[in-house]
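Residue-level structure breakdown
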Amino acid sequence: MLIKMVPKLLLVLLVAATAAMAVSPPKPVDVPFPKNYVPSWAADHIKYINGGNEIQLSLDKWTGTGFQSKGSYLFGHFSMQIKMVPGDSAGTVTAFYLSSQNAEHDEIDFEFLGNRSGQPYILQTNVFSGGKGDREQRIYLWFDPTKDYHSYAVLWNMHQIVFFVDDVPIRVFKNSRDLGVRYPFNQPMKIYSSLWNADDWATRGGLEKTDWSKAPFVASYRGFHVDGCEASVSNSACPTLGRRWWDQKAFDDLDGMQWRKLKGVRDRYTIYNYCADRGRYPAMPPECTRDRDI
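Residues numbered from 1 in each chain as written. Predicted model: local features only at pLDDT ≥ 70, side-chain atom pairs only at ≥ 80, totals over all residues. Heavy atoms only, no water.

Once that is clear, we can look at the side chain of Thr125. Tracing the chain through its elements places Thr125 in strand β8 (residues 122-128). Looking at Thr125, the relative accessible area reads 3%, which means it is buried. Once residues lying within four places of it in the same chain are set aside, the contact partners of Thr125 are Asp109, Phe110, Arg135, Glu136, Gln137, Phe163, Ile170 and Arg171. (Helix = DSSP H or I, 4+ residues; strand = E, 2+ residues; numbered from the N terminus. Buried < 20%, exposed > 50% of the residue type's maximum accessible area, 1.4 Å probe, protein only. Contact = heavy atoms within 4.5 Å.)

Dropping the structure here:
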């Protein structure tokens, strides 16, 4: 009897293991830049390498540059491999974000804040919903993002927004509409990236200015993965809702291992978390408990 039960037990364990693994997003599909993106400004400051499989954005004293997705999306998985500006990058910001076009706009931000040589980059994330932002979180990265390419990704569905760095979740923003918190769900967003000068605030609150003798500043990109529900700007619903991998129940929440990894990032690398800022928020914002930020 015990011998007969063993195969069934192994099958149960295998199914459970497979279900647990299914929570991790599939490996992104690398495609050339022109498949999903177009320049949005200062196109002459974008250099194409290897047929557009890699590009470089350049910032000088006159202008930065940026690009945007061809389509607009309601939910999906979006990732980019980026190698940040090396050396003395103080005052520069490399941004990768999603944003809607409406006045009460939604936005999901990665912003990489440059620093003086030898000092670490700071990664700032933010979420705008219904025009409200002020949800900044800042962390140090656990590697030098200027030495090699690293993956930065957003998973966005009806239940949660998850920020990933090299497949490690560094932030989650849950759908807390039942708590009175606006959540991005009905405004399609385009994907943007840019390299620009922000030395009035980016490095030590604007104390460190951009050293233009080090220009041009160059950030490198590859990957350009987009797996989303494409929708026109006027659409307020995803026509394929419930039929994509990122829409399945396995992605309604992080699994146990992912929550532990996220806690490790918060415990070791957090510089600032709006949820803990009683000066700005005497009463903790309601989403913070659900997001396990405190």
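From this point, the narrative continues.
Turning next to the UniProt feature "glycosylation site" (unreviewed entry) in the protein chain. Feature annotation in UniProt assigns "glycosylation site" (unreviewed entry) to the following positions: Asn115. Considering the arrangement of structural elements, one finds Asn115 in the loop between β7 (107-113) and β8. Residue class for Asn115 comes out buried when judged on its relative accessible area of 10%. Excluding anything up to four places from it in sequence, Asn115 contacts Gly87, Asp88, Ser89, Ala90, Pro120 and Thr203. (UniProt positions renumbered as here; feature names shortened; annotations may be inferred.)

In this section: helix α3 (residues 256-269). End to end, α3 covers 20 Å across 14 residues, agreeing with the expected 20 Å (1.5 Å per residue, within 8%). Looking at the buried side of α3, the elements it contacts are β9 (137-140), β11 (160-165), β12 (168-174) and β15 (270-273). Capping the start of α3 is the job of one residue whose side-chain oxygen sits 3.3 Å from the backbone nitrogen of Met257: Asp255. (Expected span 1.5 Å × (residues − 1). Polar contact = N/O pair within 3.5 Å; in protein donor to acceptor, adjacent residues only side chain to side chain.)

On to the state of the cysteines, then. Taken as a whole and judged by the stated rule, the model has two disulfides. Residue pairing for Cys229: its cysteine sulfur links by disulfide to Cys238, the two sulfurs lying 2.1 Å apart. The S-S bond linking Cys229 to Cys238 shows a torsion near 110°; that makes this disulfide right-handed. In this structure, Cys229 and Cys238 share a single accessibility class: buried. Disulfide pairing places Cys275 opposite Cys288 at an S-S distance of 2.0 Å. Between Cys275 and Cys288 the disulfide shows an S-S torsion of about -80°. By sign, it is left-handed. Here the residue Cys275 occupies a position in the loop between β15 and α4 (287-290), and Cys288 occupies one in helix α4, the gap between them amounting to 13 residues. Relative accessible area serves as the criterion here: at 0%, Cys275 is assigned to the buried category. (Disulfide = S-S within 2.5 Å.)

For the rest of this paragraph, the subject is the sheet that holds β8. The strand order across the open sheet formed by eight strands is β1-β4-β13-β6-β7-β8-β9-β15, and the pairing between neighbours is antiparallel. Both edges of this open sheet fall to β1 (37-41) and β15, since each of them pairs with a single strand only. Taking the axes of each pair of neighbouring strands and ignoring which way they run, one obtains an average angle of 15° across the sheet. In this structure, β8 lies alongside β9, joined through four bridges in antiparallel fashion. Across the sheet, residue Gln124 finds its bridge partner in β9, namely Arg138. Strands β9 and β15 of the sheet are contacted by α3, whose axis makes an angle of about 100° with β15. (Pairing = 2+ DSSP bridges. Axes fitted to C-alpha atoms, helices over the stretch in contact; angles between N-to-C directions.)

Attention now goes to the sheet that holds strand β3 (residues 54-59). Spatial ordering of the open sheet is given by β2-β3-β14-β5-β10-β11-β12, a layout of seven strands whose pairing is antiparallel. Edge strands, defined here as strands with exactly one partner in the open sheet, are β2 (46-49) and β12. The sheet shows a mean angle of 20° between the axes of neighbouring strands, taken without regard to direction. Looking at chain direction, β2 and β3 are connected through four bridges and run antiparallel. Bridged to Lys47 within β3 is Gln56. Along the sheet face, α3 touches β11 and β12 and points at about 100° away from the line of β12.

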